[in-house]
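Residues per chain, in single letters:
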Amino acid sequence: MTRGYRSPDPAAVSTGVEASEAAGRFVGQSVKRVEDRRLVAGYGQYVDDVRLPGMLHAAFLRSDLARARVRRLDTTAAAGLDGVVAVLTAEDLNHYVDSLRSSVNPPDLAIVPGHVLAPGDVRFVGDPVALVVAEDRYLAEDALELIDIDYEPLAPVVDYEQAAGSPHLVHPELGTNLGASGSGPDPGLARVFESAHLVVTETFHQQRQCNMPMETRGLVAHWQRHAGRLDLWASTQSPHELAFTAARVLQIGEHQVRVHMGDVGGAFGQKVYSGRDEMAVLLAARDLGRAVKWIEDRRENLMASNSARVDRLTVTMAVDADGRILGAEIDHLSDSGAYPLGGAPAKSAQLVSMFPGPYRIPRLGWSTATVFTNTVGRGAYRGPWQMETVGREMMIDLAAQRLGMDPLDFRRRNVIERAELPHTTATGRVYEQISPAETLEQAAEMIGYHSFRAEQAEARARGRLLGLGLSLFIEPTSMGRGALGAEGAVVRVEPDGTVTVSMGTGAHGQSLETTIAQVVADELGVEMERVILRQGDGTPYGFGTGGSRSAVIAGGAARAAASEVRARIGRIAAHLLEAAPEDVIVDRGSAFVAGTPARQVSVAEVADAAYRRPESLPEGVPEGLEHTARYRAPEVTHSNAAHACICEIDSGTGVVRILKYVVSEDCGNMVNPMIVEGQIAGGVVQGVGGALYEWAPYDADGNPRATTLLDYVMPTAAEVPILEHGHVVTPSDTPGGHKGVGEGGAIGAPACVVNAVNDALGPLGIRLSRQPLTPDTIISAIAEAESR
Amino acid sequence: MSDRDRGHPEVSVSVNGAPRRAVLEARRTLADFLREECLTTSVHLGCEHGVCGACTVLLDGIAVRSCLLFAVQAQGAEVTTVEGLAGPDGSLNPVQQAFRDCHGLQCGFCTPGFIVSVTAFLAENPEPTLDEIRSALSGNLCRCTGYQGIIAAVQQAAAQTLKREVLEP
Ligand code: FES
Ligand code: FES
């Protein structure tokens, strides 16, 4: 284990982290990104940049009512508009698709009806009713206005907390608004609660948030009937999942689908699965036999892409007089909306399983339920189960307060220590290479915990509202089960000695072109700029990029394939140099005999021999220089982190300002510390947004109230804190010792910020448990406290 | 000229130094014109309602949101997109270089808008304070980076521009 952190010089954000223990020439270094050369010059290629001859443009007519019967739908005028090629409705498309299932849907998930377009009734504002395909996007939108539609409004189910008991059904086919539910009562808990020194219950709410990648969803589909070939360009995290869906929906073989992977402008979980909109575009492209482009606009992205985080978690926790946690009971309810995407609602199992987090919680009883409502479907968003950290970390502060104990001391008393590893949680998870106690101490030191308390007392005496929040969690990364269980890589040294790595990943900001090149260059002993990553068409099957899995699983596959290729380079070089293979070292693109570097041959010469001079190869070494490997990941690789922040509240305006924010994280050996910190920072700021600003509410009639980026308020550079990073390095037992880190920032930040706000408001007797903590919320809480 | 274009206004502008002329519907936005007719696809559309800043371009040196302007409003103007900021040999301008040095981008979708905005900002205020940088950046949204590397990049670019001006007056 190593530890280190840096001073908060904002100009040094991406430098100065010491290399981790397992550093190579490239791995472990903050190498600058390969991707950036084209991206800063303006030559990225995103899906909307794709232009094909004769390409058509699609636009959706979407419902403007939350729940209604379609009384009349007449597309004649729209279809007659000059330049309109087709207007498609449920009648044209729905019979092709039986369900919306993805490749990872757990079998017990209540399967959402597979309606591509609204089937005679609409179920949320934004529900796609018709698809117009025209020569031009402007014309397609003109045609939308000519569609004659008349609805008979029905009472919508909007409030998820009332949905289960509502007489109105979101999906009449299902006969209930209840989706998946489950429970795991612990009969021993009642006695624990009875005899405990203190039992605290509280209910926590998160609000509807949106992934909000800056690039919306989009797809270009081109079906060439005679060639039997479907070409796709998509903004996707998972090219192979898209191929799976396309093949299933169009009833063709996956070998007929070519997914071209360009740049992807962010996703955060939104672009793993293909939903109804994508299916409609695929079917239209097949019927029309011409390339069809669909680019979602921002209003559609807000109304009709997935949203997330609509969670209610009630936590009951029993503690003894010394602040030891004796047991807990949790009840979770979440809103699936109308058409949830992929495996999203099933995340409640993950939530329960992660609830004990980094603490000794000997007993846990639980119950969970998901419900359908007439709102936009739930989808995956960075740490989709993170309500467990939100609820647990807020409960811990509350319990500490009730006990009159400092929240840091309370955490210290319960946190799992290194000496206790391996530790099995009450939910059966086994932790091995984690360091929650160390990250807690590092974060406390970085934030200046003890000097802060003195400063806070002084500030309070002068009427200032200053608070400190902590949040500690374990992040389950790189889950290796089912479709997610393994990734493949082909590492090929080309005849000129350059290296192509083909993988099923779908990078959308994670910098895989850089990190995979780092890993493969080190493994092969070549220069990084000689290595290039290819994704999409022609790559081995993989689930793609998401779930904080690429470093461990894709990296593992790349490492395994490269190591085989390197062995082969060594054998060929040894033969050419007339040396023993074990004496040959490959470094910086050359193979040489240990001790006599003058006896060398370049990797390019070795490749030339492998492809063009097969007669020069040693016996038993195959021609060519490539290898395919799959890496099967452990079921889960746990990362962990501690967040701490200090905030000040303006009691006049209710505005929260974050003065300092530190993260101490342990993601094992880092491939590239600069990129790790970038991932953490992005997640933290999304989490800060979720705690303080972001909210996509509905009114009582089911109308979305945030339909522009003015209404959906995200953090800007004006208010974000400058982060300080600390690293504790406990290598995992995967090859390379890496762990995932993509989601942690967004998991830890909301509770950290809310705890800081509650700490600041403590002297006024205020404790908030419902996000977002907007200025209005805070002002009215202060006013209410003052009138008490 | 296709039938549909008949009777539509003509617009002529210079885009990154090259003259462009087109006949197009008056309702076509400058962003769509730049993306579709001029193939300067660095002009990204993140909202099409003037909030995200991804479509920012320079119009006669002033940073504007090209999704909020009609192409015809740019008649006679000089338009610069991020493709026009690098040197003819492909060398990056100090802002582009700083974004790369400081990990100021992840997915890169917001990046052209930021780089154009920052280039205009530093031309006007070459020695900004941290607060001035933060408020200058607040009109552009980035969902990936948490703005950490972007703020650092502006500081680096400002320092470098200054150094260059001192060394090569
Ligand atoms: S696309 Fe122009 S400001 Fe967002
Ligand atoms: S880098 Fe992705 S939005 Fe800024």
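Residues numbered from 1 in each chain as written. Chains lettered and ligands numbered in written order. Predicted model: local features only at pLDDT ≥ 70, side-chain atom pairs only at ≥ 80, totals over all residues. Heavy atoms only, no water.

Q: Looking at this model, I keep getting lost on the overall build of chain B. Mind explaining?
A: Secondary structure summary: chain B contains five helices and five strands in total. Reading chain B from its N terminus to its C terminus gives the helix and strand order β-β-α-β-β-β-α-α-α-α. Here the C-alpha atoms of chain B give a radius of gyration of 17 Å, agreeing with the 15 Å that 2.2 N^0.38 yields for 169 residues. Dimensions of chain B, computed from the C-alpha atoms along their principal axes, are close to 55 × 35 × 25 Å. Across the 169 residues in chain B, those meeting the buried criterion constitute 57%. Pairs at least 24 apart in sequence give 54% of the contacts found in chain B among residues at least 6 apart. Carbon and sulfur atoms provide 50% of the accessible area of chain B, an area that totals close to 6900 Å². (Helix = DSSP H or I, 4+ residues; strand = E, 2+ residues; numbered from the N terminus. Rg over C-alpha atoms; globule rule 2.2 N^0.38 Å. Buried < 20%, exposed > 50% of the residue type's maximum accessible area, 1.4 Å probe, protein only. Contact = heavy atoms within 4.5 Å. Areas by Shrake-Rupley, 256 points an atom, 1.4 Å probe, with all protein chains shown as cover.)

Q: I'm lost on the overall build of chain A in this one. Help?
A: Regarding its fold elements, chain A presents 20 helices and 31 strands. Relative to a compact globule of 788 residues, whose C-alpha radius of gyration would be 28 Å, chain A shows 28 Å and is just as compact. Its C-alpha atoms give chain A principal-axis dimensions of roughly 90 × 70 × 50 Å. Looking at chain A as a whole, 64% of its 788 residues are labelled buried. Once local pairs closer than 6 in sequence are excluded, the contacts in chain A between residues at least 24 apart make up 80%. Counting only carbon and sulfur atoms, one obtains 49% of the accessible surface of chain A, whose full area is about 26700 Å². Within chain A, the 99 negative side-chain charges are centred at a point lying 2 Å from the centre of the 71 positive side-chain charges. (Lys, Arg positive; Asp, Glu negative; His and termini not counted. Charge placed at Lys NZ, Arg CZ, Asp CG, Glu CD.)

Q: Got a minute to help me understand the domain arrangement of chain A in this structure?
A: In many analyses, interface size is given as the accessible surface area lost on bringing the parts together. All names here are of chain A. For chain A, the domain assignment lists domain 1 (47-154 + 217-295), domain 2 (311-478 + 636-787) and domain 3 (481-632). Taking only C-alpha atoms into account, the centre of domain 1 sits 37 Å from that of domain 2. In total, about 1600 Å² of surface goes out of reach between domain 1 and domain 2, with carbon and sulfur atoms giving 68% of it. Counting every contact that joins domain 1 to domain 2 gives zero salt bridges. Counting every contact that joins domain 1 to domain 2 gives two residue pairs in polar contact (both at pLDDT 80 or more). Per-class residue counts for the side of domain 1 that touches domain 2 are 12 nonpolar, seven polar and five charged. (Domains from an automatic or database assignment. Buried area = accessible area lost by both parts, 1.4 Å probe. Salt bridge = Lys/Arg side-chain N within 4 Å of Asp/Glu carboxyl O. Polar contact = N/O pair within 3.5 Å; in protein donor to acceptor, adjacent residues only side chain to side chain. Nonpolar A, V, L, I, M, F, W, Y, C, P; charged D, E, K, R; others polar.)

Q: Help me understand the domain arrangement of chain B, please; the structure alone is not making it clear to me.
A: Residue and element names in this part refer to chain B. Looking at the assigned domains, one finds that chain B contains domain 1 (10-81) and domain 2 (94-167). Centre-to-centre, using C-alpha coordinates, domain 1 lies 22 Å away from domain 2. With 15 residues of domain 1 in contact, the opposing surface of domain 2 contributes 10 residues. When domain 1 packs against domain 2, the two sides together hide about 900 Å² of surface, and 65% of this comes from carbon and sulfur.

Q: Would you take a moment to explain the interface of chain A and chain B for this structure?
A: Facing 63 residues of chain A, the contacting portion of chain B comprises 49 residues. Carbon and sulfur atoms supply 56% of the area buried between chain A and chain B, which totals about 4700 Å² over both sides. Looking at the side of chain A facing chain B, the largest losses of area belong to A:Val40, A:Tyr138 and A:Met214, adding up to 17% of the total buried there. Counting across the chain A and chain B interface gives six salt bridges. The partner of A:Asp49 in a salt bridge is B:Arg35, with the nearest N and O atoms 2.8 Å apart. Linking chain A with chain B are 29 residue pairs in polar contact (both at pLDDT 80 or more). Broken down by element, the side of chain A that touches chain B gets its largest block of residues, eight residues, from helix 18 (residues 673-692) of chain A. For the side of chain A that touches chain B, the residue count by class is 32 nonpolar, 16 polar and 15 charged.

Q: I would appreciate a short explanation of helix 16 (residues 550-577) of chain A in the present structure.
A: Spanning 28 residues, helix 16 of chain A covers 38 Å between terminal C-alpha atoms, matching the ideal 40 Å at 1.5 Å per step. Looking one or two residues beyond helix 16 of chain A, the residue adopting positive phi is A:Glu578, at roughly 55°. (Expected span 1.5 Å × (residues − 1).)

Q: Please clarify how helix 10 (residues 347-354) of chain A should be interpreted in this entry.
A: Here helix 10 of chain A lies mainly inside the structure; six of its eight residues are buried. Close packing links the buried residues of helix 10 of chain A with strand 16 (311-319), strand 17 (325-337), strand 18 (364-372), helix 11 (387-403), strand 20 (430-431) and strand 21 (465-477) of chain A.

Q: Would you explain the state of the cysteines in this entry?
A: As enumerated under the stated definition, the model contains zero disulfides over all chains in all. A:Cys752 provides the cysteine sulfur closest to A:Cys645, a residue in no disulfide bond, and the two sulfurs are 3.7 Å apart. (Disulfide = S-S within 2.5 Å.)

Q: It is not clear to me how empty space enclosed by the protein should be interpreted in this structure. Could you clarify?
A: Using a probe with the size of a water molecule, rolled over the atoms, empty space left in the structure can be pinpointed. Residue and element names in this part refer to chain A. For the structure shown, the criterion picks out 12 cavities of 30 Å³ or more. Here the largest cavity is characterised by a volume of approximately 200 Å³. Surrounding the largest cavity, 19 residues form its lining, Gly 275, Arg 276, Ala 304, Tyr 339 and Leu 341 being those nearest its centre. Counting residues per element, the lining of the largest cavity draws most heavily on helix 8 (residues 276-288), which supplies three residues. Per-class residue counts for the lining of the largest cavity are nine nonpolar, six polar and four charged. Each of two domains, domain 1 (47-154 + 217-295) and domain 2 (311-478 + 636-787), supplies a minimum of three residues to the lining of the largest cavity. Here the second largest cavity is characterised by a volume of approximately 90 Å³. Along the walls of the second largest cavity sit Arg 217, Gly 218, Leu 219, Ala 234, Ser 235, Thr 236, Leu 242, Lys 271, Tyr 273, Ser 274 and Glu 278, which together make up its complete lining. (1 Å grid on protein atoms, 1.4 Å probe; cavity = no way out; pocket = protein on both sides within 12 Å on 5 of 7 lines; lining within 4 Å. Points joined across faces, edges and corners; volume = space filled by probe spheres on them.)

Q: Sorry if this is basic, but what is going on with the layout of surface pockets here?
A: Of the voids in this model, the second largest pocket is the one considered here, and its volume is about 1100 Å³. Taken together, 46 residues line the second largest pocket, and the ones lying closest to its centre are A:Arg137, A:Tyr138, B:Arg28, B:Asp32 and B:Glu36. Elements that contribute at least two residues to the lining of the second largest pocket include exactly strand 2 (56-62), helix 4 (137-146) and strand 14 (292-295) of chain A together with strand 2 (18-23) and helix 1 (30-37) of chain B. Sort the elements by how many residues they give to the lining of the second largest pocket and helix 4 of chain A lands first, with five residues. Among the residues making up the lining of the second largest pocket, the classes are represented as 14 nonpolar, eight polar and 24 charged.

Q: I'm lost on the packing of aromatic side chains in this one. Help?
A: All names here are of chain A. Going through the model one piece at a time under the given rule, you end up with five aromatic pairs over all chains. Over the ring of Tyr 339 we find Arg 276, and its NZ or CZ is 3.6 Å from the ring centre. In this structure, Arg 286 is placed above the aromatic ring of Tyr 96, and the distance from its NZ or CZ to the ring centre is 4.4 Å. (Phe/Tyr/Trp six-rings, centres within 6.5 Å; stacked < 30°, edge-to-face > 60°. Lys NZ or Arg CZ within 6 Å of the ring centre and 35° of its normal.)

Q: Looking at this model, I keep getting lost on the sheet that holds strand 28 (residues 626-632) of chain A. Mind explaining?
A: All names here are of chain A. Strand order in the open sheet made by the four strands is 24-23-22-28, with mixed pairing throughout. Where the open sheet ends on each side, the last strands, each with one partner, are strand 24 (531-535) and strand 28. Each strand of the sheet is rotated relative to its neighbour by a mean of 20°, with strand direction disregarded. Two elements, strand 23 (residues 499-503) and strand 24, share five bridges in a ladder whose sense is parallel. (Pairing = 2+ DSSP bridges. Axes fitted to C-alpha atoms, helices over the stretch in contact; angles between N-to-C directions.)

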